[in-house]
Amino acid sequence: MSQEKLENLGLDLPDLPLTTVGSFPKPPELKEARKQNREGDLSDDDLDEQAREATRFWLDKQYELDYDIYVDGEQYRGDMATYFAENLQGFEIGGLVRSYGNRYYRKPIVVDEIVWEEPITVDWWRFAQDYADRPVKGMLTGPYTMMDWTFNEHYPSRAETARAFAAAIRSEVEALIEAGCKIIQIDEPACSVRHDEMELVKEVVGQVVEGQDAYFISHICYGEFEKIYPDMLEIPVDNFDLEFTNSDLYLLDLFRDDPFTKDLSFGAVDVHNHRVESREVVRELIEKVLDVVPREQIWISPDCGLKTRTVNEALGKMEVLAEATRELR
Amino acid sequence: MKIIAENHSMYPRVGESDHAQRLRQAHHDFDHGAIDAEKLKEIEDSYVEELIKEQEDAGLDVVTDGMIRWYDHISHLCGKISGVEVGGLVRYFDTNYLVREGIVRDRVEWDGSMLVDQYKFAAQVASKPVKVILTGPYTLAYFSEIDDSDYASERELAEDYADLLAREAEVLADSGVEYLQIEEPMLLQNPANSSWVLPLNDKIVEAAANTEVRLATYFGDAAPLYDELQETAVDMLLFDFSYGPELFDCIADRGSDKRIGFGLLDGRNTKLATADELAEKIEAVSDNLTDGPHSVSFTCSLDYLPRDRARLKLERLAETRDKLQEVLN
Ligand SMILES: [Zn+2]
């Protein structure tokens, strides 16, 4: 089913396609530039130029390491929810909220009708795709996660808020497809948290992708999968990108009981650990999934976005992932 | 019928100004060795004083110290209990908020008071009574990983936690604490365990002689446990009313021998309900209640909100109390 879809889209991928989840670390110069921009000491144009330079750097690295599906690395984004809130109408970027310990972030507030006015990610996607020789994924935060990660003062319920986000994100998907994007990732990391809302997740993701001509991936992480599996297979995407290094592989036991029916981007390096895994460890991990899920359904990727690692750690993890994958081809 | 305005538990510990960020800065400096523990405590003290004043200025009748010395609901206590170490980050229920779990290495034992000094400081700077919060034994046990074969089950661990929390409650009562709150959000996730959890809570209530004890449940609908909760030894049931209308039906149908804490103002969303609509809900069941005093409060901790919005909620709480006093008397 998915293979056919990929062929129809003109995508010819190798055995065990290699990709990453989406974000890469920002080089120290770019971090500094973002700080200067916030403080008014650097123009938006100058910051954009630096983000473009960092994007080219990461595209070069994906080329050198021979990845099959590229990402732009999100060098121009801050937080994955706030980035879209800042670029849609209807939001106020609220005050600081604690996430744990002494860590804080700004949680957006929906204060008015959510309106998509113009493409948000398309220029960046086009920039990356023009530079790259291989398909670049479009990267969006899903409607359910956007809802769960924002305060809502406008809509009467969580469901209504999620539907409003879905309409906006659908417009962005249409714009990406029109620009030529064929693989679009809609991240829903929040969807495994309230398992009683799985029906809503299915509905609003469906609202985004229904009738749209692209191959859809969804990344989901740090949740209680046993509570949403196999129900989550009904989320209408083609490929789930899931983490495995932190799950003690209990997910594979779930897949033995209820076969995994979609394509699977198998997260095989840990993004929360500074240490780069050995090639043997990564290869053994991938071999385990190959015992359980048919090979033609498997893609290979890290557990999650690499943005919390240093540039060198991220490159080290990408390299070992690529080497282990090639050994298995 | 008498009604008071009562803070729930935590209050945001960061704001927008440098002054409001001094505690965050102090933690940062402390972590980097730039200030010592004494200096950190000095800043914590001044922050507690400021937050108590903020609550009193808003018109609250019962305040807390904002729990700003707590890293979170779990590790603050676990770090002071003999036999437990503080572990890694885990999600706190369905929030986007992480707490550090306890790692149980040995029999858990009371190792000197965990909260008396904090209470004494707060009481000395407050002109209103200061409520003290204890995470309940079941919730504490759920967020503790048992790394010791002595405990065969979560229940056994909870029983020992209950004993040491009872000891703490006794010491707190001796220090003059008038209002004590036991928090058992976990109870709503696994209501089937109420038959053994509620007697553990009662142990703590009995140890806290001459103290008014609240049992706070949140992040779920307490209606299915309503009758059982009425049989406990606590003085007040502080409910989260944001999970469905059934709790109000329970009060309307069956009345309440207990005082009720009306956790009505949403601690997890910035939206601000009007004093009229809030007061109306309580007024509708006022004939089914004792003379009180009952409380109007928040659904949960306010640590999920930005500080400016939390401040607005405090004011709205006091307005709601005033409104009710007007219509009920
Ligand atoms: Zn992730």
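Look up: the structure comes first, before these words.
As the structure is a prediction and not an experimental result, all values here were calculated from the model.

Tallying secondary structure elements over chain B gives twelve helices and ten strands in all. Over its C-alpha atoms chain B spans a radius of gyration of 19 Å, differing by no more than 12% from the 20 Å that the globule rule assigns to 329 residues. With the C-alpha coordinates of chain B rotated into their principal frame, the extents come out at 55 × 50 × 35 Å. Buried residues in chain B amount to 60% of all 329 residues. Roughly 12,500 Å² of accessible area belongs to chain B as shown, and the carbon and sulfur atoms make up 43% of that amount. Side-chain charges in chain B split into 33 positive and 66 negative, and the spacing between the mean points of these groups amounts to 4 Å.

Our next topic: the coordination of the zinc ion. All names here are of chain A. Taken together, the protein ligands of the zinc ion are His 219 (NE2), Cys 221 (SG) and Cys 304 (SG), with distances of 2.1 to 2.3 Å. Linear spacing of the donor residues for the zinc ion on their chain is H-x1-C-x82-C. You can see His 219 sitting in strand β6 (residues 215-220) and its partner Cys 304 sitting in the loop between β9 (298-301) and α12 (311-328), a full 85 residues away along the chain. Each member of the pair His 219 and Cys 304 is classed as buried.

If you look at the interface, chain A gives 21 residues, while chain B gives 30 residues. Between chain A and chain B, roughly 2,300 Å² of surface is buried when both sides are summed, and carbon and sulfur atoms account for 45% of that area. Inspection of the region where chain A meets chain B yields five salt bridges. When the shortest N-O distance is used, the salt bridge between Arg309(B) and Glu92(A) registers 2.6 Å. Here chain A is connected to chain B by twelve residue pairs in polar contact (both at pLDDT 80 or more). Within the residue set of the side of chain A that touches chain B, elements represented by two or more residues are β1 (89-100), β2 (103-115) and β4 (151-152) of chain A.

Rules used throughout
- Residues numbered from 1 in each chain as written.
- Chains lettered and ligands numbered in written order.
- Predicted model: local features only at pLDDT ≥ 70, side-chain atom pairs only at ≥ 80, totals over all residues.
- Heavy atoms only, no water.
- Helix = DSSP H or I, 4+ residues; strand = E, 2+ residues; numbered from the N terminus.
- Rg over C-alpha atoms; globule rule 2.2 N^0.38 Å.
- Buried < 20%, exposed > 50% of the residue type's maximum accessible area, 1.4 Å probe, protein only.
- Areas by Shrake-Rupley, 256 points an atom, 1.4 Å probe, with all protein chains shown as cover.
- Lys, Arg positive; Asp, Glu negative; His and termini not counted.
- Charge placed at Lys NZ, Arg CZ, Asp CG, Glu CD.
- Donors = N, O, S within 2.8 Å, 3.2 Å for Na, K, Ca; no water.
- Contact = heavy atoms within 4.5 Å.
- Buried area = accessible area lost by both parts, 1.4 Å probe.
- Salt bridge = Lys/Arg side-chain N within 4 Å of Asp/Glu carboxyl O.
- Polar contact = N/O pair within 3.5 Å; in protein donor to acceptor, adjacent residues only side chain to side chain.

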